[in-house]
2 protein chains.
Amino acid sequence: MVKEETRTRIIQEGARIIHEKGFNNTGVQEILQAAGVPKGSFYFYFKSKEDFGLAVIDYFSEFMGGRINAHLSDDSLPHVGRLKSFFHEMTLFFRQEGYSRGCPIGNMAQELADLNDTFRMKLKESLDAMESAIARCLRAAHDAGEIEPDLNPGETAYFILNSWEGALTRMKTEKNLEPLIVFDRIVFGRMLKGA
Amino acid sequence: MVKEETRTRIIQEGARIIHEKGFNNTGVQEILQAAGVPKGSFYFYFKSKEDFGLAVIDYFSEFMGGRINAHLSDDSLPHVGRLKSFFHEMTLFFRQEGYSRGCPIGNMAQELADLNDTFRMKLKESLDAMESAIARCLRAAHDAGEIEPDLNPGETAYFILNSWEGALTRMKTEKNLEPLIVFDRIVFGRMLKGA
């Protein structure tokens, strides 16, 4: 029980630092220090840094999945409005964070997809899950006549998620919200603006 | 003269390795070894790893700028066709490369924008230059009546570049061309499909 709690604390602190600095750029000792765990005890909790990285991806995926689903299941809004509301929450988060960090899953995908196939598959699953949630929302919007009938919900969801990831990288580089504002204007003001 | 040639070789080899593995994940010794330069002579050519990184960004920017401008100045095609032809060349490149690496500027922006403000400003300039080239092309397409009159060329160029960067991260993660194919279908088949 205590072991499990400590493991969770290492994952949370590790996730925070990796989100700021990247995976390869974050040392095991730095994570243990932030978590207040004695040096050298890392391998008591994780088989390897890879094993730890996979647990961090799970942690990020659960968090993101929770936020997406909270918005997309909000019956008080039309389907497109729910999606807009999710991106709006994210936009507020990044404003608070000084336009830094970006999407932890997108960051790790960019950094690690070519370097480690186990990470790549796990990150692919995570992006696929976000995409599926958006696709389900757009299919419902399509069925409800909220969006243009010739818009393919699956393809549009795929494009929107990828565009969002790119907008976040640009936001980090510009240190302002402009990429997210333009994303909102084009995705919600044009692509999903309705029949 | 010889010093300049060696410096160029270090930049080229460094750029290749950084494109594969990331900046922080690439060691100075590894670059010197690839360039066939004696260990320990790095600081004869560069003031610091940062100084070297800035030269690598210049190298990537010049290369990308050259390729974009080659396509966008091709008078044999309509303006939108020139842009499509640029992305088509990039797509063929990534197919050859096994769907790996992605955009070197986007990668370094994602990795370094939060960590180093000098890099961030340089990477911002590079992305701004690519965006400006695309915006000029779309303004010409707009003036020629090739795209919908209510489409804002500057904003659309900004969105397209960011979406492309995100599509490349997804491509690395999926190890297939689907993200680039969907990008093409939505950007050229819908957004820029004409009045």
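Further up the page is the structure itself.
In what follows, the accompanying structure is described.

How each quantity is defined
- Residues numbered from 1 in each chain as written.
- Chains lettered and ligands numbered in written order.
- Predicted model: local features only at pLDDT ≥ 70, side-chain atom pairs only at ≥ 80, totals over all residues.
- Heavy atoms only, no water.
- Salt bridge = Lys/Arg side-chain N within 4 Å of Asp/Glu carboxyl O.
- Helix = DSSP H or I, 4+ residues; strand = E, 2+ residues; numbered from the N terminus.
- Buried < 20%, exposed > 50% of the residue type's maximum accessible area, 1.4 Å probe, protein only.
- Phe/Tyr/Trp six-rings, centres within 6.5 Å; stacked < 30°, edge-to-face > 60°.
- Lys NZ or Arg CZ within 6 Å of the ring centre and 35° of its normal.
- Core = buried A, V, L, I, M, F, W, Y, C linked by side-chain atoms within 4.5 Å.
- Contact = heavy atoms within 4.5 Å.
- Buried area = accessible area lost by both parts, 1.4 Å probe.
- Polar contact = N/O pair within 3.5 Å; in protein donor to acceptor, adjacent residues only side chain to side chain.
- Nonpolar A, V, L, I, M, F, W, Y, C, P; charged D, E, K, R; others polar.

## Notes on the pattern of salt bridges
Side chains that carry opposite charge are capable of pairing whenever their charged atoms lie near each other.
All names here are of chain B.
Thought 1: Going through the model one piece at a time under the given rule, you end up with 38 salt bridges over all chains.
Thought 2: The salt bridge partner of R101 is E20, with a shortest N-O separation of 3.1 Å. Of this pair, R101 sits in the loop between α5 (79-96) and α6 (104-112) while E20 sits in helix α1 (residues 2-21); the two residues are 81 residues apart in sequence, bridging distant segments of the chain.
Thought 3: With a relative accessible area of 17%, R101 lands in the buried category.

## What to know about the packing of aromatic side chains
Thought 1: Going through the model one piece at a time under the given rule, you end up with 27 aromatic pairs over all chains.
Thought 2: With a centroid separation of 5.0 Å and an interplanar angle of 65 degrees, the aromatic rings of F87(A) and F183(A) are classed as edge-to-face. One end of the pair, F87(A), is in helix α5 (residues 79-96); the other, F183(A), is in helix α9 (residues 178-191), and 96 residues separate them in sequence.
Thought 3: Taking the relative accessible area as the measure of exposure, F183(A) reaches 1% and is therefore buried.
Thought 4: Aromatic side chains F93(B) and F94(B) sit 5.1 Å apart centroid to centroid with 75 degrees between the ring planes, which places their arrangement in the edge-to-face category.
Thought 5: On the basis of relative accessible area, F93(B) is assigned to the partly exposed category, the value being 28%.
Thought 6: Ring pairs connect the aromatic residues F86(A), F87(A), W164(A), F183(A) and F188(A), which therefore count as one cluster.
Thought 7: The positively charged end of K3(B) is found above the aromatic ring belonging to F44(B), 4.6 Å away from the centroid.
Thought 8: The lysine or arginine in question, K49(B), covers the ring of F23(B), its NZ or CZ lying 4.3 Å from the ring centre.

## Re the nonpolar core
Thought 1: Of all hydrophobic cores here, the largest spans 128 residues; its most connected members are L192(A) and L192(B).
Thought 2: When sequence neighbours within four positions are dropped, the list of residues in contact with L192(A) reads V80(A), L83(A), L138(A), E146(A), I147(A), L151(A), T156(A), I160(A) and V187(A).

## Details of the interface of chain B and chain A
Thought 1: Between chain B and chain A, the residue contacts involve 48 residues of the former and 48 residues of the latter.
Thought 2: Three residues, Q110(B), Y158(B) and R170(B), lead the burial of chain B against chain A; their summed loss comes to 18% of the area buried on that side.
Thought 3: For the pair chain B and chain A, the interface holds 12 salt bridges.
Thought 4: Taken together, the links from chain B to chain A amount to 25 residue pairs in polar contact (both at pLDDT 80 or more).
Thought 5: Sorting the residues of the side of chain B that touches chain A by element identifies α1, α6, α7 (117-143), α8 (153-174) and α9 (178-191) of chain B as the ones contributing at least two each.
Thought 6: For the side of chain B that touches chain A, the element with the most residues is α8(B), which contributes 15 residues.
Thought 7: Tallied by class, the residues present in the side of chain B that touches chain A amount to 17 nonpolar, 12 polar and 19 charged.

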